[in-house]
Every structure is written in structure tokens, then in C-alpha cells.
Amino acid sequence: MVGMKRNVEDLKVILTAMGLGFIETLPPSPELTLGRNTRRTRQLVLMFLVWGEAANLRHTPECLMLIYHAALCHISQTPVPTPHTPEERKADPTMLFPTEDFLESIVTPWFKCIRECTSKTMSVPAYPTAALDVTYDDFNECFNNPRVVEALLSAKSVTDGTFRVERACTTAYDALRAYLRNLNAEIMQLERENKSAMDAFKRLSNDMDPPVMKDTMETFHKLFEKTYQEQRSWAHVFYSFKRVYTFHAALFHILVVIAFQGFDTRYMATVVLTHASLEYLHSVTAILLNARVVKLATATPGVAFAAEGYFTDKIKAVKLYLISLFAKFGCFLLNTCILGALVSATFSLKDPHNGTFVTLAGLYVIWCALTFIATTRNGYVADIWFYFRTSALPNHLKVDPRHFFQYTLFWVIVIVLKVLFNYFLMIKPMVEVSNRLWVRRWLNTGVDEFSPDGDFLLVLLRWSAPALMALADTSIFYILVASLWSAVGGIRQRLGATSKWHHIIRNFTEYPERFSTLVLSTQKVTGTSPDMGSKFSKEPRSGHWFRFAHFWNQVVEKLRKDDLLSDKERDELKFIILENRSEAKNFFGSEPHYVIYPCLMTSGVCHNDSIISSVVVEDVDDNELASSGVIVQGNQSHVKDQLVDLAVLLMVSFGLAKETERERVRASLASSCGTVYLWMQEQTKKDLQQSLEKFKKALIECLQVILHQYEMATFRTGARDIRQVTLAFQTWKKKMEKQDLSGFKADLGSCMQKVISEWSKLRHGPDAYLGQLKEKAKDLDILNLRNALRNSQLKAVVRSIWMMVTCNNVGCEPKCEEARRQLQFFGSSLYHPKFTKQARKEGEKASSPTPEIRKMKSWSALVPFYGEDVVYSMKQLTQRTTEGVHLLDYLKSQYRDEYANFVERINKSADEILTSFDMYGLRAEEYADFENWATDRGQLLARTVHGVMNNEKALKETAILEGYTPAEADEIVASKFHFVVTAQIYGQQRAASKESNFDNYWKAESIDVLRKKYPRNLRLAFVESAPHKKSYSVCLGMEKNAAGQWVDKVLYKVRLPDNPIIGYGKPENQNHAIVFAHGEFLQVLDMNQDHYLAEAYKMRNLLEEFDEDTALVGFREHIFSQSSGAVASFAASTEFTFGTLVQRFLARPLNVRFHYGHPDIFDKLWTMTRGGLSKACKDLHVSEDIFGGFNVMMRGKKVKYCEFVHCGKGRDMGFSQINGFEEKISGGNGLQCLSRDVHRLGKQMDFFRLMSFYASGPGQYVNAVVLVSAVYMFILTQVVLALSDSEVYCGIDPLASNSSASWNDCGIDDETAQVSFMYSAEWTLQLGFITILPQLVELVVEFGWGQALITVSKQFLAGSWVFFTFVMQTKAYYFDRALVVGGAGYVATGRGYQIENTNFVKLYTWYARSHIYFGVELLVLLILYLLATGQRNSYLTTTWSVWLFGVSFVLGPWWFNPLSFTWANCLKNFDAWSTWINKDISEKEQQGIWDAFNVGLVEKQLRAEYKEEKRKAQ
């Protein structure tokens, strides 16, 4: 009911913001006679129906709301039927239109128009985002124009009549339907004439002779036009982030003035010139970006209004045009006058008594301050366009005051550090250098000394690098302070609480209570408490321990199934639960179960060193024990008490004591333990060590004999069996008598003697003696021996004791690092503040208590899939490369421990399988095991499905632990979770045959296997589309037939107007399948992810993070591809840092975390009415996911980030794959800067939040471009100064100077040397080494200094500095290209293992344009500088960083190419390169011959320039 109310309120807010009435605000109607809840239900049902059939219109929420409003008005005027029979229900009188009329009459016309518009957008690489093509966003924003709404709902012409929704209610839907049906008919007419509707629109826009167009299409063109001008240019970056660049320029200006003139007010006032110049440039940019728009008011950046709209009817189109024109040119003229006045007043600076300039500067500062105070608020900035509506909902960027203060303080610290660094290390040392250059008389024109002689050119060139660095070096201090700030946050969240295995053992006794009270719900969990009067241990009998043991065993079994544990490790980690058995039920107390601690908890206690330490050295510190591998202090009392419990259980079971005397016997044993402890304290350490070894040896031999009886195939209790047990006890007794353990013998001797004497009689004739025993049964239950030897539960008890005393791996630490990591993270997450009361103590908003599972929030998981691999086939695994390596061999060597566990599990090796391998053998059982094992170590769909479906198992087990039956648990799971795999082309893959297209056939078969493995909650969505046929969105599931077998079933089939993939595939694929995700919340994943069972138990807690203000919750990822080579570890470290430290800081306190695609969870009900998960316009929304985050923030919702849950994520593992990924991200970020979303955020955020947005987003890529440019300008400056003989800064000829190590002796002063060295150090930091700092800090927080330094050192030695330098150039090149010439798009990297050497020619053609040419140019300049400079003593100090860049750019691709330096590959690559140069080959994959490659580059550039000039001329 609460959710229904919230959804209705959301609809009301949106419709009100659009200027449309809601049904409760309209005149009386039959709808209002219904009850409130019934009315809300009908309104929501209508919304779901409209949304469900809207197809691509789901990307346009305002359009959807208009349709919903019209339909709601229509049904509200219709009497509510009360059908009683099925026939009456079928003949519902409200259905006034034919079947599928909504799709054909409403959705299809708009779909066709959108398809025509978006398909033309940027179809040519050099074509900018079309100023004449309407995108999804343009189309959607036009519905905020009352004129558009009036024309569509009132059935009137564009300019006639007054719009009032209330008067049009009865005809709104009819009018909209009639208009769109006419539009559809005219489009179909054009299609029959082979004419595109889009071409007709463009001809009309260009005032050309259009084809025959009807009135409806003409009206449509007038209504739906561009609302934002996207044009490729760096000017967009400046226009959106003008305040950032103005701040940097003004700050640099002030520091330079202080360095040259001190704090002279007259000269410091000149900073207003910089500010006014940039304001003037801003106004010029605003005009130039819209120069191509015929109507200037139509497409002003940041203003979402079209043509003559966005005002009431009282302001006509001409007035709007004049107002817009006046506003733009008014700002331009005002800035021109201000700048002119300030420039003219600078001449007064020569007169120290003339204060004209200072006065004008003061007035200008006052004006700017007043404007800042008047427009800046917490979270937003108002500007001249404040009163224009930019979306259906006004921007709500306000943040929590505490966060506002925190990120303001953060930026104050960053700016202070930047000022100190820039002034003392960059600018001040340049003063003397500039003064000397200014009088250099470079050109020596012979004129008087005051005439200009070109020296100012040298000064400008010398200052070019510092000026660029002043813009970019903010990132250094941003990363430094952010890393430390975020690290403090990580420490407060106790992320390193379980960073080592001994932490698990130390805290293990705390886990059960934390798990039961924090992860599970306490609202339904019931059960009897242990008998507090009982002498037995309370913890193993408690509900907390039982529930935790059940959970822990499930996780351990899953790790074994995944081959992360061996059988022995699994047994050592598992609990033993005694329940529903006579030996456990009511034996230890009132609970019907008893938990035996796992060996990981007991092995350390039974270790000789730990026993001696606890007796001889009682004050031993935990850290000392941990360092020796013995962890006992937290578990001693628990283990000791349980050993006594189990001893009593075995004595009663074997007839050594009566069950009625079990508590007395336990008290006696406990007393015996105390006696033994006192005796042990009297012994020396050496004697005690020998005694313990002999005791354990005897006990182990006895236990082995008993276990041997359990291992026998038939459980007979014959004389031989009893004889062996008797002999074992006798042998153990004799060995014990030899030890000086008098206290121990006194208590247990009589008991042992009794059982040995009784069993000795059985050696000669057990059958004859049984009759006599029956009479003695009351005194001695020796008959229990028969049942004891047959009881598997008692076998488990004996085995647990045996493992306890024989385990050599103290603490039972698994060999596999991944198994340790998963268990350690879960243990650490139980101490996260979200799970404790710490958050409340610190004043944070308290998390909701864990709800009962029936009341928990429901969610769906959605994975888009196209044609990637699903499961590795044996053909893929065994196909050898040219180097003779196949993938299976690589995986076996890469995952040695896991492969050994796998072989142990299936009891069959790979060699046995491969001897009978058939390339086309499908689903053979012996192949499937290897295929699945290899698949779970790759980045394939099957791994993602296996991981995500852990949620199903976790929910079921949680329901059972909370008291539900298995049948009820299945029902709960079905209502709370399901997983939708949206396989876009599954229909085509399924139709492929084995012979014609084995690849598609294999993928379809593999998908079907996954569906059969998870038949209940795994659903498959795909598009069923063919030419000249109807298109459908199909949801395929499974159901049980009469025979109880799972068979295919089409769950849902929704008709579409046509193939919905008209934009980018991934967002369109998500959009068509989202209707099949029925949960309240939606988790979006990529198909290269994984999930873990232990984390799936905490998903309920994660969903509780959603509140009224939150629409998006993200959580951390573990990069499981980090072990796949050096390059993979570099990429994984970058992703690890971004997914932890960076996102933590972006979310809080900066409040600029957005949606990055995975594994974020959306409030699905909120996204339904806000445009979906992402945006899909081709060649504009390349980074489609982040626009979903922009949408969330601009529409007033918050984004959270949590770290108590994590999932797995794979990254690209090859050098070329990673650079391809960076190419896509960099190009996508360049296109983001052109978008309306970034522009509006840039204009309306407060200053410090804008700085955060810039530094964490576009600023990273802008800085990359600036840094690379600064490096080039620096070495170019050095070459120019050397060639112009201008290095003699101190007036000393360097060639005539004496040979000395002094800078001054070399003709260069210390300050100049300091500047050069500082540049080198700063560039090195920013282009490579600065990326290591956040990683190092986060590793220290989570794993400690030792592990952090080892990890970072390994990466450094492997060449991470070369890799990160190369990647920085990749970012700079493709970001710049996306802004200037375009070409950004999706890059398919494959994410596979790179085990094959890449041809030299391919590497050259891939990286020549972006890296190699630039690197060679740097190296040439370095050599030229070496030849020309007179400062050879300082050459390396000045240029070492530039050498690093040049070498990295040139040699990077070969350095990280697998097997690149083997002699055979070197010869082969040299031959290929020689052949390519000599024009003897023409392979497409190698870009043809060298001439063709270069001609292609030139032609591509000329073609792009020609098309750009032609476009401008139109």
C-alpha cells in the first residue's frame, strides 16, 4: 500500500510539473466515485499498461506521461463496469478501440519518427551531432512546451485557441489518436513512394523544395525540433566548465603578479582582466555554438525550449525570439563594454597616483560578488535561463549541509596545497628566468634597447609549459587529498577488520550472533533456548550457532563445488550439526541440535604449541601466536567445553556411562581436565612437549581403529570388530600408563578399566555373552556398541576429534587465495557500520532493521547479451595457437591449485578426456565438466548466470533458516527475485544448425543448458523480428509438464512497432526486456560478472539502503581477472581503486557519483517514469550508463554507495584489449562534454561540487590532453632556446665556462634547474606514478602495509609506469578526436585471454597514429636538443621524463605483447614488416600495404574535412 501511494504521488508530481492536471484535480467524474485505493489501483494499472507497450517511447518519459494523462482522462469519464461473469469480463465496455490499437495508433507513428531521426544522427564519422536531427532527448523535451501539448490533445492547429487541459479531457485521447493515425498514414505514403520522412523534414528545414507533405507532417516538424545544439568543438568543454577554467586562470594570474610585483594592489587588480576576458569569450562561444541554427532562440545550449514555446500564450513567438536575441547579444555587448573599459584603464597603471583602474576593478569585483551571492545556493546556481523549464521536473541538486561543508573543506585544502606548490616550485623560480630572457635581444635588430626584439616570444614560449601545468596539476592534489580522506573513511568502516586469515579465527566466535541478528531477520526466527541449567556448553546448542553453521556449511560447499577448496580443506572448514537424532535430541539440552566446531576453530587449540603457550606462558600476546601460525586465545574455552561434551556423548554411546548420569559424568570430566591442567603447570616445557606428543600419538592410533570400523562396507558388529576396538583401547591404556599423568589416570582409569574388562569378555564369544549383558543393561549400556558402530553421526563426531588432533595446518587456511578472500571479506563485512549501531552513535541516518523475508523488497537482475561466448567449447579450449599453446593448458598453469581440486572432484584428468575428443561433441558429460570449469575462470555468460543465481539459493536457505518449509521457501523466492538474460539475437542463434553455423548453434545450446539448470527463476528475453513480419519482445521460461519434466514456455510476448534496436544495442536491449523484470528494484549487470553465495545473503540488507530520496545504490566489485598476467593486473588495480576508494569518495562527501553500468541497483518504479536506465542515441551516448546517473541527479534523487556487499567483475586482460576499452571510454567522455546533461550539471552545480564533478569526470581527460601538450611544449621550448642560443641566462657563455658541477658554472642558475627538474617530476607523477598512490592507500587500509608494498612493487617492476603512461596518451588522443572529428563508438574487446603473439604490422597500424608518431617526434626533439644545447651537464636532469614518455609511446605495444621477444617471433615479425613495407602483401587485417595504409589515413582526414566544410556551408 505504501508503494502504491508513492507511485501515485510520483505520477502526480510529474504531471503537475508538465502543466497537466491529475485526475483528482479535474472536474467530477465517475472515477471519483470509487474508493481511494481502488482509484489508485486503476491509475497504476493504466500506467503499467501504457509503459508496457510503449517500446522505445520508454526513453521519452514526458511523452509517456502525456499519453498516460490522455488515457487517464479518457477512462475517468467512462462509467466503471462491474462484470460478474467471464463473458462480461471479456466484453469490457471500456475497450472502445480495436485490439492492438494503442500500439498501432499511438506508439508506432512516434516510433517511426524517432527511428528516422536517430538513424541519421552522426551517421558519418566526421559529422557532428546533427543540428537538424531530433534525438530522443529533443523529442522528449518538446513535450514540456504547452504549445505542443495543446496541439496534440486539443485537436487544434498550432497557433489557434487557448489550451486548458480540463476542457479537453473528454477528447484528449481521441485527439491524440487521430493526429498520430494521420501522421502514420502520411509516413506510410512516403515509404510507398520510397521517400524518407526524415529527408522531407531536412529539405523543409533547409528551405528546399520538399516532397509532397501533408498537413500533419508539416505540423509535426513545427512541433518537434532541436532543443539543444550538440556540435563537436572544444568550445563545449569551456562553455560547460567556464567557472572551473576562470578560477584556474585567475588564480594563476594572481600568483604571477605576486611573484613579479609582490602584493601591490594596483597590479593584483589586473586579475579582473582575466576574468572579464573569459566572460567575454564565454559570451562569444554561446553565439558561435548556435550560429548554424536558423532561429537563434531554438537551440540555445542549456535551454530546453523549442521554436516559439515554453511561455504562455500571452507572449507570442516574436516576443520570445526578441527576448532570446536580446539576452544573448546583450550579454555579449555588456561583456565587450566591460572588457574594453578595463583594458583602456590599464594605461593608468603607469601613473602610481592614478586610481582609475583600481576603482573600476573594485566595482567589477563587487558586481561579481553580488552576482555570486545572489545566484549560488547549496547545490545549484541560478542563471539567466533560470525561469525557462529545462525538463519535466526542475533540477534539485541540493545536498546535505554536512556534505556541503565537507566537500567545501576538501577543496579549500586542495587549493591551498596547489597555491603553495605553484608559487614556490613553479612560478617564483621563473621570475629571474623571464627577466633575463626579456633583455636577451634575440633577433638583434640593431634598434634601440627599448624596441621590441622578439624576446617576448621567448618569454611566452618559456611560460607555455607552466601555464598548462597550472591548469592540470590540480589533479595531483585532488588525488592526494582524496586518497587520504577516503582512506580515513575506509578505516572508519572497518574494511580491514579481517584482512588476514588469523583474523577470521580470532573473531570466529563473534560471527554467529552477528550473522543471526544482522543478516537474518529476528522477526520470525523462533526456537527454544538452550537449557540454562544444563551443564553442557550453551553456544553449540544456541540458535545463533545453528543458523550460522548452516550458512557457513553452504558457503564452504559452494567453494568446494567451484574447486576453490579440496576435499580435505572442505572437511576442515565445515561444521558438524547433530540434529533430529536420538544422540543429539534432548541429550545436550532443550535444543534439537548440537553444533560441532569446525577444525579451523579447534586445530589451533589442540596444537602442542598453543597448549604449552596457554599453560607455561599465559601472558602470550595474540600477535605472537598469530605470527607463529597458532591462533587460540579466543577459542580455548569454547573448544575445551565442547571436547568435554563430545567425550560424554561418546562414553554414553559406547556404553561407558549411563545416559541418565551424563551431566554428572561431564562434571567429573571437567574436574579431570582441571586436575590435568594443574599437573601440566608443574611440568617443564620440554617434558610437557614430550608427554603431549606421546598422548596424541596414542589417541590418534585409537581413533584410527574406530574410524576404520566405520569405513567398512558392511556395518556388522561381530567379534572381530569388537576385538579390534578392544585392542585399541587396551593399547591406548598401556601407553597412557607409561606417562606420568597421575591426576589424569586417577579420574579416567576406573572408567577405562571397566570398559576394557567388559570388552575383553567379548573377544571369546560375543553372542553367548549378549544374554548376560541384557541383565546388566541398567548398569552398563554396552549394547549401544552395535548402534554406535552403525551411526554416521557418531562417526562424524569421532572424525571431528581425529581431525582436531591430527591437523597440521593450524587454522586450516585454504591454499587458494580466492577462497580466503571471499571468506575474509564476509567476516570483515559483519563489522561494517551499516550492520552495527556505530552509524547511529555517529549521528548518521540509522539503517532499517532487517525485514522478515516475506516483507523484504523484491528485485530483478538484468544482463544484456548479444553474441559473446556463453560456454567454452572443447574446440576452443584445445585449439592451439601458432606458438603451440592452447587455452586449457594456459588455464591449468594459471590456476594450478583449482585444477588439482577439480581433478580430485571428478576423479578424471584432462589427458583422459582429450584422448577421445570429438570437435563437434556437444554436452558430452566428460567434456561438460572441463568446459564448465574453464568457463568459470573466463568472462563468459555462464559464469555470470552461475554467480547471479546464487541469489536464488541464498534466499531459499534464508527462508528455511527463518522458519519456512522448503515449499514455502520456493514460493518466497519466486516472488522476491528473478534473473532476466536479455539475449538480443537468441532467436537467430536458435535457428542456426550445427553444420551451417556451429558457433551460433553452440551458444543457443549452451543458453538452453543454463535455463534447464535454473528453471524456476531464470528467464530469457529476446527480440523476435524478421523483415515484413511483426516484431515481438519474447520472455522465455520453463514449466513442469505432466511427467514432472521442465519444458520451454513462452511466459510473455509483447508486440513491438518494429525492431527496437534503433540506437546503441545495449541500452535498447535493456529497454525492450525491462518489461519482464517484475521486481521493485532492478540490478543491472554486465555479462562478465560474478556473484558469491556469501554476499547473496546480504542482498536484503542492501535493498534496505533505498529510501524516499534514493534512486540508485551501487556497491563494490572484486576484479577476478587480476591474476591473468602483468597487464591484466595493471587494469585490475585501476578498476579496484576506482571501485573502492574513488567511488566511496565520489558518493560521500563529494556527491558526484553517477551510474557506471554495474552492478548498481535502480529503483525500477522510479525509472519507469524517468526515462529508463540509460540513454541510447547513436554516436552520442557511447558511455550510455553514466547518463542514467546524470538523470537521477538532475531529477532530484540521490546515489548511494555501499561496501558491505561485493560481486565479481572481469576486466580486459590483453594490452590491445585494455587500450580498446580506454578508447571507448575516452571517446564516450568526449561526447559527454557535448551533451545537454553535462552542460546543465556544469551550469547549475555550486562551485565546489562542480570542481568535484570536473575533476572526477571530464577533467581527467582534459588533463591528459593538457599534460601531453605540456610535455611537447617543454621539449620544443628547450630546442628553440638552444637553437636561438638563449640558454645563457646568467650572462655566461656556457662554452667558455670552466668544467664544473655547479649550475652557475654551466651558465644556468639554480632556479632554472629547479624548474626543469620540477616539470619532470610532476609529469612523471601525473602520467604514470600518481595512479599508484590511490591503489597503495586502499591496499594499506584493507590488507596492511606489507601486502600493499609487495603488490605495488611487483607491478612497478613489471612495467606499470610504461603501461599507465601509454594509457594516458590513449585517453588524450581519443578524447581530443571525439571532440574535434568524432569517430567514437563501441569497441568490441572480447575480454578473452591473450595467449597469442600479435603481429608487428598490426601493432604498428593500430598505434602509429595515436602513439608511435608522437613518440618518435618526442625522441627526435630530444636528440636535436642534445645536439644543440650547451647545457649537456644538465641534459639528463632536464629531459629524463620526456625520454620516459617517448620510449613508452614507441615501445609500449611490443613490451606487453605476449612472447614478443622470443627469437622466432622476432624473426617472423621482422619478415612480416619487411614484406609489408615492400608492398608484397595485402591482407585486410594488416591494413594492406604500407602505401595503402598511409593513403587511407590521408584520405580519411581529407574526407572528414571536406564533409565538415560542406556541412558548414549548408
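Residues numbered from 1 in each chain as written. Predicted model: local features only at pLDDT ≥ 70, side-chain atom pairs only at ≥ 80, totals over all residues. Heavy atoms only, no water.

K.L.:
I tried to follow the overall build of the protein chain on my own but got confused; where do I start?
P.N.:
Scanning the protein chain from N- to C-terminus turns up 65 helices and 14 strands. Relative to its full complement of 1514 residues, the protein chain shows a buried share of 58%. Looking at the protein chain alone, contacts between residues at least 24 apart form 78% of all its contacts between residues at least 6 apart. When the accessible surface of the protein chain is summed, it comes to about 62,700 Å², and 57% of that surface belongs to carbon and sulfur atoms. (Helix = DSSP H or I, 4+ residues; strand = E, 2+ residues; numbered from the N terminus. Buried < 20%, exposed > 50% of the residue type's maximum accessible area, 1.4 Å probe, protein only. Contact = heavy atoms within 4.5 Å. Areas by Shrake-Rupley, 256 points an atom, 1.4 Å probe, with all protein chains shown as cover.)

K.L.:
Is there a simple way to think about a nonpolar patch on the surface in this case?
P.N.:
Where nonpolar side chains cluster on the molecular surface, the patch consists of Phe405, Leu409, Ile413, Leu417, Leu480 and Leu484 and spans about 510 Å² of accessible area. Those elements giving two or more residues to the nonpolar patch turn out to be helix H18 (401–427) and helix H21 (474–492). Positionally, Phe405 belongs in helix H18. (Patch = residues over 30% accessible without salt bridge, like charges linked within 9 Å, V, L, I, M, F, W, Y side chains within 5 Å. Salt bridge = Lys/Arg side-chain N within 4 Å of Asp/Glu carboxyl O.)

K.L.:
Hey, could you run me through the side chain of Ser1133 in this one?
P.N.:
Secondary-structure assignment places Ser1133 in helix H52 (residues 1126–1150). Discounting chain neighbours no more than four positions away, the residues touching Ser1133 are Gln1335, Gln1355 and Phe1364.

K.L.:
In this structure, what is going on with the packing of aromatic side chains? I would like to understand it.
P.N.:
Per the stated rule, a full pass over the model turns up 73 aromatic pairs. Relative to Phe575, the ring of Trp545 lies with its centre 6.1 Å away and its plane at 70 degrees, an arrangement referred to as edge-to-face. Linking Trp545 in helix H24 (residues 543–561) with Phe575 in the loop between helix H25 (567–573) and strand E3 (576–579), this pair joins segments that are 30 residues apart in sequence. Note on Trp545: relative accessible area 4%, which makes it buried. Its relative accessible area of 3% is what places Phe575 among the buried residues. (Phe/Tyr/Trp six-rings, centres within 6.5 Å; stacked < 30°, edge-to-face > 60°.)

K.L.:
What am I meant to see in the side chain of Ser434 here?
P.N.:
Along the chain, Ser434 falls in helix H19 (residues 429–438). If we skip the residues at most four places from it in the chain, Ser434 touches Phe260, Val459 and Trp463.

K.L.:
When you look at the sheet that holds strand E12 (residues 1110–1119) in this model, what are you seeing that I'm missing?
P.N.:
Strand pairs in the sheet, formed through backbone hydrogen bonds, run parallel or antiparallel to each other. Overall, mixed pairing links the ten strands, which are arranged E9-E8-E7-E6-E5-E10-E13-E12-E14-E11 in an open sheet. Single-partner strands in this sheet number two, and they are strand E9 (1046–1056) and strand E11 (1089–1090). Bridge count between strand E10 (residues 1081–1084) and strand E13 (residues 1161–1163): three bridges; the pairing is antiparallel. Each residue of the ladder has a partner; that of Gln1083, found in E13, is Ile1161. (Pairing = 2+ DSSP bridges.)

K.L.:
Is there a simple way to explain H52 in this structure?
P.N.:
One turn of an α-helix holds 3.6 residues; hence residues three or four places apart share an orientation. At Val1142, H52 shows its maximal kink, close to 40 degrees. Asn1151, located one to two residues past H52, shows a positive phi value of around 60 degrees. (Bend = angle between axes of the 7 residues up to and from the residue.)

K.L.:
I keep staring at the nonpolar core and nothing clicks. Help me out?
P.N.:
In summary, soluble globular proteins display a tendency toward joint burial of nonpolar side chains. Membership of the largest hydrophobic core comes to 94 residues, with the highest contact counts inside it found for Phe241, Phe410, Phe1190 and Phe1253. Looking at this core, the element that brings in the most residues is helix H58 (residues 1258–1283), giving 14 residues. With residues near it in sequence (within four places) discarded, Phe1253 still touches Phe241, Val1152, Phe1154, Phe1190, Val1238, Leu1241, Met1245 and Pro1258. If you look at the next biggest cluster of nonpolar residues, it comprises 74 residues, including Val134, Phe139, Leu176 and Val1084. (Core = buried A, V, L, I, M, F, W, Y, C linked by side-chain atoms within 4.5 Å.)

K.L.:
Teacher, can you tell me more about the packing of helix H44 (residues 941–948) against helix H48 (residues 998–1013) here?
P.N.:
Relative placement of two packed helices is described by the angle separating their axes and the distance separating the axes. At a minimum axis separation of 11 Å, H44 and H48 run at an interaxial angle of 10 degrees. Considered as vectors, H44 and H48 are oriented roughly parallel to each other. Across the interface between the two elements, Leu941, Ala942, Val945 and His946 from H44 touch Ile1007, Leu1010 and Lys1013 from H48. (Axes fitted to C-alpha atoms, helices over the stretch in contact; angles between N-to-C directions. Parallel < 35°, antiparallel > 145°, perpendicular 65-115°, else oblique.)

K.L.:
Please explain the pattern of salt bridges as it appears in this structure.
P.N.:
Side chains bearing opposite charge may pair, as long as their charged atoms lie close to each other. Taken as a whole and assessed by the stated rule, the structure comprises 56 salt bridges. For the salt bridge of Glu1024 with Lys1053, the shortest nitrogen-to-oxygen distance reads 3.2 Å. Here Glu1024, found in strand E7 (residues 1018–1024), pairs with Lys1053, found in strand E9; they are 29 residues apart in sequence, far enough to count as distant. Judged by relative accessible area, which is 32%, Glu1024 ranks as partly exposed. Taking the relative accessible area as the measure of exposure, Lys1053 reaches 46% and is therefore partly exposed. Three or more residues are tied together by salt bridges with common partners; here these are Asp137, Asp138, Glu141, Glu230, Lys1175, Arg1236, Asp1237 and Arg1240.

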